[in-house]
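# Commentary on secondary and tertiary structure
The primary structure of each chain is shown beneath.
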Amino acid sequence: MANTDTEAVVTVRGLHKRYGDRTVVNGLDLDVHAGEVLGLIGANGAGKTTTVECIQGLRRPDSGVLRVLGCDPVRDAERLRPMLGSQLQDSALPDRLRVGEAIELFATDRAHNGDDLLAQFGLIERRKAAFASMSGGERQRLFLVLALLNRPRLVILDELTQGLDPAARRDVWAAVAQLRDAGTTVLLVTHELDEAEVLCGRVVAMRSGRVLDQGPPADLISRHAPWAMIRFAWSRPGVDDLLADLRPLPGVQVVATTPGRVEVRGTRQSIAYVGAELVKRGAVPDDLSVELPDLESALLHLLDEPDTPVEFGRSRNIAKTGPTDHALAGANR
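A short tour of the structure in this document, coming up. Since we're looking at a predicted model, the values are computed, not measured.

Let us look at the nonpolar core. The nonpolar side chains of soluble globular proteins are, as a tendency, buried together. Residues Ile41, Leu93, Phe121, Leu142, Leu144, Leu146 and Leu157 are the most contacted members of the largest nonpolar core, which totals 51 residues. Ignoring any residue separated from it by four or fewer positions in sequence, one finds Leu157 in contact with Gln87, Leu144, Val176, Val186, Leu187, Leu188 and Val189. Grouped together as the second largest cluster of nonpolar side chains are 29 residues, Leu38, Ala46, Leu69 and Leu80 included.

Next up, the structure:
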């Protein structure tokens, strides 16, 4: 996890970006610290991709202050470019370009040994392969190699695993984990929340171009989805007595039944008390299951909140108690 006392690699204050009459980024504040993997998460249209395009100098902000590795991304673009490595949503190479040729094409005098990187990311045997012949996971690992080739101080990855099958996603995750373990600073844009939970030491949740909350994934889950669901079958007599004993237990909020089954919703604390009650009765069901929320649950709850962004550098303390029916939509612009 990053040391937040270190000087920020990226500092953004009051960033605004509009396209016509649509505000895409609306007064955004953001820091990325040296050595951390920071994830930008949010629903479709949250402004994540536009934010990183401004950070890279690919788009000119309408207003705000941006400092990236001590540079203004627009004014100092030439000085900044060698210090950045990036993979964007629409990254592609010519179909007939071979892996080794791509390494030679993109290498500068700062470059790593290309073969060493290919070996590190499991591509050395594909050095003579044409881009068109590579699988989706191989292509994404190649883009990581190219992003790292010239020893960048900051790597920006935008929807790195979009469209990949589960095995390919795991391969790419392992590659990003190698960057994290080596202390590389990574800014990761993703709508795959399991990806953010696995890879990121800190995430920033965005909506409508503003920061809603930020922190380690576990902290966001604790703040915005502090619930647990306990389910088990019950075919014994005395179900009404069981329900009456479960309802007053610490942390229990709702006890419901369907034919032959019991469902208890409450805080995480309730798990221990419900289990103890079943043990006391000598009737712990074989199918007892506990569902705990994940980062997706936390984000969906957070997106349900009124559109009030967090004060920069502080986190809201919001407790909500159950799942939502919302569906988180696709990638963003």
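The next subject is the sheet that holds strand S11 (residues 252–258). Remark on secondary structure: sheet strands pair via backbone hydrogen bonds, oriented parallel or antiparallel. Spatially, four strands are ordered S11-S12-S10-S13 in an open sheet, and the strand pairing comes out antiparallel. Edge positions in the open sheet fall to S11 and strand S13 (289–291), since each of these has one partner strand only. Averaged over neighbouring strand pairs, the angle between their axes works out to 20° when direction is ignored. Here six bridges tie strand S10 (residues 228–233) to strand S12 (residues 261–266), and the two strands are oriented antiparallel to one another.

A cluster of nonpolar residues, Val279, Val284, Leu288, Val290 and Leu292, forms a patch on the protein surface that exposes about 390 Å² of accessible area. With respect to the helices and strands, Val284 occurs in the loop between helix H10 (269–280) and S13. Exposure remark for Val284: the relative accessible area of 47% places this residue in the partly exposed category.

With that out of the way, let us pick up the pattern of salt bridges. Any two side chains of opposite charge can pair, given that their charged atoms come close. This model, assessed by the stated rule, comprises 20 salt bridges. Of the charged contacts, one joins Asp245 and Arg281 as a salt bridge, the two residues approaching to 2.4 Å between their closest N and O atoms. Of this pair, Asp245 sits in helix H9 (residues 239–246) while Arg281 sits in the loop between H10 and S13; the two residues are 36 residues apart in sequence, bridging distant segments of the chain. By relative accessible area, Arg281 is classed as partly exposed at 29%. Here Glu277 ties to Lys280 by a salt bridge, and the two come within 3.3 Å at their closest N and O atoms. Separated by three residues within a single helix, Glu277 and Lys280 lie in helix H10, roughly one turn from each other. On the accessibility criterion, Lys280 (64% relative accessible area) is exposed. If you follow the salt bridges from partner to partner, you end up with Asp72, Arg75, Asp76 and Arg79 in one network.

Before going further, it helps to examine the environment of Asp171. Within the fold, Asp171 resides in helix H6 (residues 166–181). Residue classification places Asp171 among the partly exposed positions, given a relative accessible area of 39%.

Turning our eyes to something else, we now look at helix H5 (residues 136–148). If you check H5, its first and last C-alpha atoms are 19 Å apart, about what 13 residues at 1.5 Å a residue would give, namely 18 Å. Among the 13 residues in H5, eleven count as buried, and that is most of the element. Looking only at H5, the buried set comprises Gly137, Glu138, Gln140, Arg141, Leu142, Phe143, Leu144, Val145, Leu146, Ala147 and Leu148. Against the buried residues of H5 lie strand S5 (84–87), helix H3 (99–106), helix H4 (114–120), strand S6 (154–158) and H6.

In this section: the layout of surface pockets. Here the largest pocket defines a volume of roughly 700 Å³. What lines the largest pocket is a set of 25 residues, and nearest its centre among them are Arg81, Leu84, Gly85, Ser86 and Phe106. Elements supplying a minimum of two residues to the lining of the largest pocket: helix H2 (77–80), S5 and H5. The dominant element in the lining of the largest pocket, judged by the number of residues it contributes, is S5, at four residues. The class makeup of the residues in the lining of the largest pocket is 15 nonpolar, eight polar and two charged.

The rules behind the values
- Residues numbered from 1 in each chain as written.
- Predicted model: local features only at pLDDT ≥ 70, side-chain atom pairs only at ≥ 80, totals over all residues.
- Heavy atoms only, no water.
- Core = buried A, V, L, I, M, F, W, Y, C linked by side-chain atoms within 4.5 Å.
- Buried < 20%, exposed > 50% of the residue type's maximum accessible area, 1.4 Å probe, protein only.
- Contact = heavy atoms within 4.5 Å.
- Pairing = 2+ DSSP bridges.
- Helix = DSSP H or I, 4+ residues; strand = E, 2+ residues; numbered from the N terminus.
- Axes fitted to C-alpha atoms, helices over the stretch in contact; angles between N-to-C directions.
- Patch = residues over 30% accessible without salt bridge, like charges linked within 9 Å, V, L, I, M, F, W, Y side chains within 5 Å.
- Areas by Shrake-Rupley, 256 points an atom, 1.4 Å probe, with all protein chains shown as cover.
- Salt bridge = Lys/Arg side-chain N within 4 Å of Asp/Glu carboxyl O.
- Expected span 1.5 Å × (residues − 1).
- 1 Å grid on protein atoms, 1.4 Å probe; cavity = no way out; pocket = protein on both sides within 12 Å on 5 of 7 lines; lining within 4 Å.
- Points joined across faces, edges and corners; volume = space filled by probe spheres on them.
- Nonpolar A, V, L, I, M, F, W, Y, C, P; charged D, E, K, R; others polar.

In short, shape yes, function no, at least from these values alone.
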